[in-house]
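Read off the chains here:
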Amino acid sequence: MRTYQTADSLRKALPRHKSIAFVPTMGALHAGHMALIKAARQGHEIVVASIFVNPTQFNESTDLDAYPRTPQEDAALLKKHGCDFLYLPSVADIYPTGFDTSAAAGIDFGPLTATMEGANRPGHFDGVAQVVSRLLAIVEPDTLVMGQKDYQQVAVVRAMVQRLDLTVRVLVVPTVREPDGLAMSSRNRLLNPGERRAAVLINRQLSAVAAGLAAGWPTQPLEQFALAALGDHELLDPEYVQIFDGDTLLPYVDGDNVRELVVATAVRCGQVRLIDNRIVDLLHNP
Ligand code: PAF
């Protein structure tokens, strides 16, 4: 694996005649990221990963400061799993003086960012769009590989790709879970043992909601029950439990036909904010 710290040096090194899959990350890598690398390997000659803790997508400075940074372990893991190129830039390399970031940050994502993470983290998706568009311009991949855990982020990135008329394909990889069901996240390592035990309830409640929906139960009581069950735990503070149409991200209206029905949540677990979601198995909807 070859590591580059500047866009210029990475651009020069990348073999443009080969198919490239790109996995953008913020580091503190885990098995979920390695599933992205594995998916990237399939059908592509070159796998590129980036590690960049993007300051413009953090709406709380304490969250940015606390975000785990483990570049050496990350590089070793990427190498072991067959990544070819690692881009490890500085803030100045991603956002050089005078760099025009308006192309992506200026997009109005409408309802896609009006709820859930968009509503609870002002500016977050503008920052994500800004950095992902910049990274895509540098790497110019055929395929962008992202995780389902950030369901709304994927929808926003897809919309950005469409609005900017980019040709990159967006490949989404299912969430990888710990044996007890907790979604893998870089933030999990910030949990103390008690919080880690409490965090298991997040997936349990999402599974209960998904099972309820599949059995035909109405949306609102399911959301309220899960919210109350999570809030009942002294270490958990849920921000939302939302059932929505996976294409529009609009709240689901009972009885509507949707291609993909999803339930998502954000829960503060001590100082750590965790998100997770479940796609409902509509095939088993009676
Ligand atoms: O999902 C993430 O880790 C980040 O939001 C991303 C896509 C790398 C952009 O900073």
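The preceding data block contains the structure.
What this report covers is the structure whose coordinates are included nearby.

## Here's the deal with the sheet that holds strand E9 (residues 272–279)
Across a sheet, strands are paired by hydrogen bonds formed along the backbone, either parallel or antiparallel in direction.
Right, so step 1: Spatial strand order, E7-E8-E9: three strands in an open sheet with antiparallel pairing. Each edge of the open sheet is held by one strand with a lone partner, namely strand E7 (236–245) and E9. Ignoring which end each strand starts from, the neighbouring axes of this sheet average 15° apart.
Right, so step 2: Across nine bridges, E7 lies against strand E8 (residues 261–269) in antiparallel orientation. Bridge pairing in E8 links Leu236 to Cys269.

## A few points about the site of the ligand
Right, so step 1: Close contacts around the ligand come from Pro24, Thr25, Met26, Gln57, Val131, Met146, Asp150 and Gln153, and that covers them all.
Right, so step 2: Gln57 places a side-chain nitrogen or oxygen 2.6 Å from an oxygen atom of the ligand.
Right, so step 3: Gln153 places a side-chain nitrogen or oxygen 2.7 Å from an oxygen atom of the ligand.
Right, so step 4: Burial of the ligand by the protein chains amounts to 89% of its free accessible area of 290 Å².

## Details of the pairing of strand E6 (residues 169–173)
Right, so step 1: As defined by bridge partners, strand E5 (residues 143–147) adjoins E6 across five bridges and the pair is classed as parallel. Each bridged residue has a counterpart across the sheet, and for Gly147 the counterpart in E6 is Val173.
Right, so step 2: What joins E5 to E6 is helix H9 (residues 151–163), and the crossover it makes is right-handed.

## Things to note about the environment of Lys80
Right, so step 1: Here Lys80 shows up in helix H4 (residues 71–80).
Right, so step 2: Here the alpha-carbon distance between Lys80 and Phe52, two residues 28 residues apart in the chain, equals 20 Å.

## Some words on the pattern of salt bridges
Right, so step 1: All chains considered together, the criterion is met by ten salt bridges.
Right, so step 2: Between Glu60 and Arg268 there is a salt bridge, and its shortest N-O distance comes to 2.9 Å. A residue pair is termed long-range when its members are at least 10 positions apart, and Glu60 in the loop between strand E3 (46–51) and helix H3 (61–66) and Arg268 in strand E8 qualify at 208 residues.
Right, so step 3: Accessibility expressed as a relative area gives 30% for Glu60, which makes it partly exposed.
Right, so step 4: Across the pair Glu117 and Arg273 runs a salt bridge whose closest N-O atoms are separated by 2.7 Å. Here the residue Glu117 occupies a position in helix H7 (residues 116–120), and Arg273 occupies one in strand E9, the gap between them amounting to 156 residues.
Right, so step 5: Residue classification places Arg273 among the buried positions, given a relative accessible area of 12%.
Right, so step 6: Each of Glu60, Glu117, Glu239, Arg268 and Arg273 takes part in a single network of salt bridges with overlapping partners.

Definitions and limits used
Residues numbered from 1 in each chain as written. Predicted model: local features only at pLDDT ≥ 70, side-chain atom pairs only at ≥ 80, totals over all residues. Heavy atoms only, no water. Pairing = 2+ DSSP bridges. Helix = DSSP H or I, 4+ residues; strand = E, 2+ residues; numbered from the N terminus. Axes fitted to C-alpha atoms, helices over the stretch in contact; angles between N-to-C directions. Near = heavy atom within 4 Å. Polar contact = N/O pair within 3.5 Å; in protein donor to acceptor, adjacent residues only side chain to side chain. Areas by Shrake-Rupley, 256 points an atom, 1.4 Å probe, with all protein chains shown as cover. Right-handed = clockwise from strand over helix to strand, strands pointing away. Salt bridge = Lys/Arg side-chain N within 4 Å of Asp/Glu carboxyl O. Buried < 20%, exposed > 50% of the residue type's maximum accessible area, 1.4 Å probe, protein only.

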